[in-house]
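What follows is each chain in one-letter form.
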Protein chains: 2
Amino acid sequence: MDKKFFNVISVPAFLKLFQTFTPICEMQTAGLSSITLPAILANDLYSSENLPHFSRAAMDGYAVFAQDTFGASENNPVYLKVVHRLGVDSIPDFDLKPGQCAQVVTGSALPRGANGVVMIEYTKLITGGEIELIKCIAPGDNIMSQGDDVKKGELVLAKGTKINYRTLGLLAALGIQKVRVLRQLKVGLIITGNELVPFSSKPDIGQIRDVNSLTITHFLQNERCKVRNYGLVRDDKDALATVVQQSISECDLVLISGGSSVGQKDYTLHVLSGFQKSKILAHGVALRPGKPTILAAIGKTPVIGLPGQVSSTLVVLQVLVAPLISFLSGDLNWKKPLKPYLPAQLTANIPSKPGREEVIGVKLLIQDSGLYATPIFAKSGLLKKIAQADGVIYIPAHLEGLTKDEQVQVFPLN
Amino acid sequence: MDKKFFNVISVPAFLKLFQTFTPICEMQTAGLSSITLPAILANDLYSSENLPHFSRAAMDGYAVFAQDTFGASENNPVYLKVVHRLGVDSIPDFDLKPGQCAQVVTGSALPRGANGVVMIEYTKLITGGEIELIKCIAPGDNIMSQGDDVKKGELVLAKGTKINYRTLGLLAALGIQKVRVLRQLKVGLIITGNELVPFSSKPDIGQIRDVNSLTITHFLQNERCKVRNYGLVRDDKDALATVVQQSISECDLVLISGGSSVGQKDYTLHVLSGFQKSKILAHGVALRPGKPTILAAIGKTPVIGLPGQVSSTLVVLQVLVAPLISFLSGDLNWKKPLKPYLPAQLTANIPSKPGREEVIGVKLLIQDSGLYATPIFAKSGLLKKIAQADGVIYIPAHLEGLTKDEQVQVFPLN
């Protein structure tokens, strides 16, 4: 492999380069029932209501003036008169007076004047419609006051927040019925390699089916992108340049996946460098597997050259492409998708030839005593093993394999 | 809370009960390009081809008879004649004879007779079209032989395998263009509570907007279920029984979410127990939060009664409902969705009243030194805090809070 182009940078440095690009800003309106999740909020969202909009009991018990309970204990109980029994949907249209209480269930609206709830286990109903109370409470205890969750006028969710099923619940509770969200990212996918034929074809000797189109397309759709496929491009500079030109004018992000040829990458680099206003931001990243990755800007459009090996591609998609998609999509927390390596204990020896880096698929098993990784022995790049693996481990060139019971870092595949 | 119905069982015991139900078996055909992922394979799938279908170079270098290299070293180089230069898509229609070699790139088809590749770094091209070779290889080194990945007739994927974007790549490589998959699960959702109004309404005092319909529906859709909403049902035994009867006849699984009233759960239990052929399999699970969960069978249909608290509901959906969905969907690895608690270090003290269990939302931060959890201080059940949280931690009743720098177990929310 010609290594002269490599200028290897760290993953954080690679991610930092994303900020030279501009996230999309075109927005659209989505109703809460029909919204596709996750979505990215396009505006700061303020509440026009208090949540809850009335003060409620947070426990089953008795709504009281907290002051009435002061000093109450087992030796010195306090007695209060029960004036109402309130269900969860009762409308308590009365004033609670000192010495009185109202039975409530969790969620009951509090009568005017009540400022706390005594939990039912600290009370005893006695004859004459009174309760005996053996615990003192402070004002605000066991209630949720009007606006405790969200106050009217408060910022509920900031622009760039990812809306998931939980945030949706908050919006619904506030009576917000539609939101402005950013549009989906358009990602162009270019697959190069003279040896490739469409997966629906029968390949001859010297030809293999293109599986990257399908794999990467489904990965991107899962990251909620719109994918535009530019088909298979032969290893021809002009042909590749033409397709890249078209794709950068139509997409927010372009991915180029080479064939299995290693020389391929320098070739992609050459074509990308040839554009006016093009800038190679990175060629090589300290990621194993996944080192020979390219990040370029052609005008304002980011272009990523993916490594050829299938296991490398999968890691690069998760570690570098997913955060770039989040960043370009306007996600405030775009760095969050960064997946950590998982520490696990090896359940078997892995032999490996010194002088050659290797990537081994593993099955993961969660036990009470920790995480265990069982290697799936395989030559690099076997699709069946990659399909079966829960994660991969990297063995650097200087090692002669790994030993059973050793702690390893597993990169989880999604 | 009336605890007399509780017979608390462990999470594994709860999951084991799922096996009293029968997974769906209705199947449909899906093309690889248009398939909705993830999907569950309905049949064992065998390969009708070898993968790769021809022997290929796994490294850049020279295809050789391995026997020709025996004894080669820096002090004792071997010389071979280069008879061809093969690109990645060349068709090597010739026999390699002893003493000959062919230059190859990664992916090149091997000429007949070649049984190994010497990596280019161990060779030197010398005048006269010969290479000098300083390393000995064994037969099979640095090549991928026909069928190394998948052999013709081999089981590729077993019935019940979850098809994701990686397995799809394997299918495409084998020329499989459509697969039989199990249909989506139909899940019925019943929301009860007199205090609830649709989220599109303006609630009065004593009323709150129903957010569970929306939240749970989107959760279920994300788990690739078809959701049938049975609307809001008042706290009326006959009304609830009628809706449950209808839902079990139309769905594969029914979820019942109560209002915020705690008494609600016993009420749901009472209605579920009242059916002929009904069996309460569990009422109470050792899960915090999430304890007051019901699992019932009405005839062959599983019914889950969800706890009322929003944070409890979210945990139960992830820990219990998601695996049940996987099991019923026919997923062979249905136990895999079990999410582990994540050990993290607290960044602040959390005060908590003894005698009361609490659930606190936390933000997670991944640092090189480990995982850190920052509490989002909140009364239980605040929707805004739940929407902001990356996970929750549970504080048992006997503790007076947790201390900064303490190790805690965080349940990650998705």
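All figures in this text were calculated on a predicted structure; none of them were measured in a lab.

Let's talk about the interface of chain A and chain B
Right, on to step 1. Each partner contributes residues to the interface: chain A has 85 residues there, and chain B has 85 residues.
Right, on to step 2. Between chain A and chain B, the buried area comes to about 7,100 Å², and carbon and sulfur atoms account for 56% of it.
Right, on to step 3. Broken down residue by residue, the surface that chain A buries against chain B is led by A:Tyr165, A:Arg166 and A:Lys384, which jointly contribute 12%.
Right, on to step 4. Between the two partners, chain A and chain B, sit eight salt bridges.
Right, on to step 5. Applying the counting rule to chain A against chain B returns 26 residue pairs in polar contact (both at pLDDT 80 or more).
Right, on to step 6. Sorting the residues of the side of chain A that touches chain B by element identifies strand S11 (143-144), strand S12 (155-157), helix H2 (165-173), strand S17 (208-209), helix H3 (212-222), helix H6 (310-328), strand S24 (358-367) and helix H7 (383-388) of chain A as the ones contributing at least two each.
Right, on to step 7. The greatest single-element share of the side of chain A that touches chain B, amounting to eight residues, is contributed by H2(A).
Right, on to step 8. For the side of chain A that touches chain B, a count of residues per class yields 41 nonpolar, 24 polar and 20 charged.

Topic: the relation of the copies chain A and chain B
Right, on to step 1. When chain A is brought onto chain B, the operation consists of a screw motion whose angular component is 180 degrees and whose axial shift is 0.0 Å, with 0.1 Å RMSD remaining. These values place the two chain copies in the arrangement generated by a two-fold rotation axis.
Right, on to step 2. Here 100% of the interface residues in chain A have copies in chain B that are interface residues too; the copies meet face to matching face.

A short note on the sheet that holds strand S8 (residues 116-119) of chain A
Paired through backbone hydrogen bonds, the strands of a sheet run either parallel or antiparallel to each other.
Residue and element names in this part refer to chain A.
Right, on to step 1. Here we have six strands laid out as an open sheet, ordered S8-S5-S7-S6-S10-S9, and mixed in their pairing. The sheet terminates laterally at S8 and strand S9 (123-126), the two strands that pair on one side only. Ignoring which end each strand starts from, the neighbouring axes of this sheet average 40 degrees apart.
Right, on to step 2. Across four bridges, strand S6 (residues 78-85) lies against strand S7 (residues 100-104) in parallel orientation. The residue bridging valine 82 from the neighbouring strand is cysteine 101, located in S7.

Notes on helix H2 (residues 165-173) of chain B
Residues and elements named next belong to chain B.
Right, on to step 1. The buried fraction of H2 is high, at nine of nine residues.
Right, on to step 2. Along H2, the residues classified as buried are Tyr165, Arg166, Thr167, Leu168, Gly169, Leu170, Leu171, Ala172 and Ala173.
Right, on to step 3. Looking at where H2 begins, the residue whose side-chain oxygen comes 2.9 Å from the main-chain nitrogen of arginine 166 is asparagine 164.
Right, on to step 4. Directly after H2, the chain includes glycine 175, whose backbone phi takes a positive value near 80 degrees.

Some words on the environment of A:Val179
Residues and elements named next belong to chain A.
Right, on to step 1. Mapped onto the fold, valine 179 is located in strand S14 (residues 178-182).
Right, on to step 2. In sequence terms valine 179 and alanine 42 are 137 residues apart; their C-alpha atoms lie 8.2 Å from each other.
Right, on to step 3. For valine 179, the residues in contact, after removing those within four places along its chain, are Gln28, Thr29, Ala30, Leu32, Ile35, Leu41, Leu45, Ile163 and Leu171.

A closer look at the confidence of the model for chain A
All names here are of chain A.
Right, on to step 1. Across chain A, pLDDT averages 89, with 94% of residues at or above 70.
Right, on to step 2. Ranking the helices and strands of chain A by mean pLDDT puts S14 first, with 97, and helix H5 (residues 264-273) last, with 80.
Right, on to step 3. For residues 1-5, every residue scores under 50 in pLDDT, and the model assigns this stretch seven contacts once sequence neighbours within four places are set aside.
Right, on to step 4. For this predicted complex, the interface score ipTM comes out at 0.87, alongside a pTM of 0.88.

Focus on the packing of aromatic side chains
Right, on to step 1. The final tally for this structure, using the stated rule, is eight aromatic pairs over all chains.
Right, on to step 2. Look at A:Phe327 and A:Trp334: their rings are 5.1 Å apart centre to centre, the planes differ by 70 degrees, and that puts the pair in the edge-to-face class.
Right, on to step 3. Connected via pairs of aromatic rings, a cluster forms that spans A:Phe14, A:Phe18, A:Phe327 and A:Trp334.
Right, on to step 4. A cation over a ring is seen here: B:Lys135 above B:Tyr122, with NZ or CZ 4.7 Å from the ring centre.

Topic: the sheet that holds strand S18 (residues 226-233) of chain A
Residues and elements named next belong to chain A.
Right, on to step 1. In spatial order, the strands read S18-S15-S19-S22-S21-S20; together these six strands make up an open sheet with mixed pairing. For this open sheet the edge positions go to S18 and strand S20 (278-283), each flanked by a neighbour on one side alone. Each neighbouring strand pair of the sheet contributes to a mean axis angle of 20 degrees, computed without reference to strand direction.
Right, on to step 2. Sheet contacts for helix H4 (residues 237-250): strand S15 (186-192), S18, strand S19 (253-257), strand S21 (294-298) and strand S22 (301-306); angle to S18, the most-contacted strand, approximately 170 degrees.
Right, on to step 3. Its contacts with the sheet put H6 on S19, S21 and S22, and the angle it makes with S22 is roughly 170 degrees.

Overview of unusual backbone geometry
Right, on to step 1. Of note, the amide linkage connecting A:Leu37 to A:Pro38 takes the cis form, showing an omega dihedral of -10 degrees.
Right, on to step 2. Notably, A:Asp405 is not glycine yet its phi reads approximately 75 degrees, a positive angle.
Right, on to step 3. With respect to the helices and strands, the residue A:Asp405 is situated in the loop between strand S26 (391-395) and strand S27 (407-412).
Right, on to step 4. Residue A:Asp405 is classed as partly exposed on the basis of its relative accessible area, which comes to 45%.
Right, on to step 5. One non-glycine residue, B:Arg224, lies in positive phi territory at about 60 degrees.

With respect to the pattern of salt bridges
Right, on to step 1. What the rule picks out here adds up to 24 salt bridges over all chains.
Right, on to step 2. For A:Glu49, the salt bridge is made with B:Lys202, and the minimal N-O distance between the two is 3.4 Å. Here the residue A:Glu49 occupies a position in the loop between strand S3 (45-46) and strand S4 (56-57), and B:Lys202 occupies one in the loop between strand S16 (196-197) and strand S17 (208-209), the pair thus bridging two chains.
Right, on to step 3. A relative accessible area of 64% means that B:Lys202 is categorised as exposed.
Right, on to step 4. Here A:Glu154 and B:Lys384 are joined by a salt bridge, their closest N and O atoms 2.3 Å apart. Of this pair, A:Glu154 sits in the loop between S11 and S12 while B:Lys384 sits in helix H7 (residues 383-388), on two different chains.
Right, on to step 5. Judged by its relative accessible area of 9%, B:Lys384 falls in the buried class.

Observations concerning the packing of H2(A) against helix H3 (residues 212-222) of chain B
In helix packing, the relevant descriptors are the interaxial angle and the interaxial distance, both defined with respect to the helix axes.
Right, on to step 1. The interhelical angle for the contact between H2(A) and H3(B), taken along N-to-C directions, is 160 degrees, at an axis separation of 8 Å. By the angle between their axes, H2(A) is roughly antiparallel relative to H3(B). As for the relative orientation of H2(A) and H3(B), their crossing is right-handed in sense. Contact residues: H2(A) offers A:Tyr165, A:Leu168, A:Gly169 and A:Ala172, while H3(B) offers B:Leu214, B:Thr215, B:His218 and B:Phe219.

Considerations on the state of the cysteines
Right, on to step 1. Within this structure, the stated rule accounts for zero disulfides over all chains.
Right, on to step 2. This cysteine, A:Cys101, is not joined by any disulfide, and A:Cys136 carries the nearest cysteine sulfur, 16 Å off.
Right, on to step 3. Lacking any disulfide linkage, B:Cys251 is separated from the closest cysteine sulfur, that of B:Cys225, by 11 Å.
Right, on to step 4. For B:Cys251, a relative accessible area of 7% translates into the label buried.

The rules behind each value
- Residues numbered from 1 in each chain as written.
- Chains lettered and ligands numbered in written order.
- Predicted model: local features only at pLDDT ≥ 70, side-chain atom pairs only at ≥ 80, totals over all residues.
- Heavy atoms only, no water.
- Contact = heavy atoms within 4.5 Å.
- Buried area = accessible area lost by both parts, 1.4 Å probe.
- Salt bridge = Lys/Arg side-chain N within 4 Å of Asp/Glu carboxyl O.
- Polar contact = N/O pair within 3.5 Å; in protein donor to acceptor, adjacent residues only side chain to side chain.
- Helix = DSSP H or I, 4+ residues; strand = E, 2+ residues; numbered from the N terminus.
- Nonpolar A, V, L, I, M, F, W, Y, C, P; charged D, E, K, R; others polar.
- Least-squares fit on C-alpha atoms with pLDDT ≥ 70 in both.
- Pairing = 2+ DSSP bridges.
- Axes fitted to C-alpha atoms, helices over the stretch in contact; angles between N-to-C directions.
- Buried < 20%, exposed > 50% of the residue type's maximum accessible area, 1.4 Å probe, protein only.
- pLDDT = per-residue confidence, 0-100.
- Phe/Tyr/Trp six-rings, centres within 6.5 Å; stacked < 30°, edge-to-face > 60°.
- Lys NZ or Arg CZ within 6 Å of the ring centre and 35° of its normal.
- Parallel < 35°, antiparallel > 145°, perpendicular 65-115°, else oblique.
- Left-handed = near helix turned anticlockwise from the far one by under 90°.
- Disulfide = S-S within 2.5 Å.

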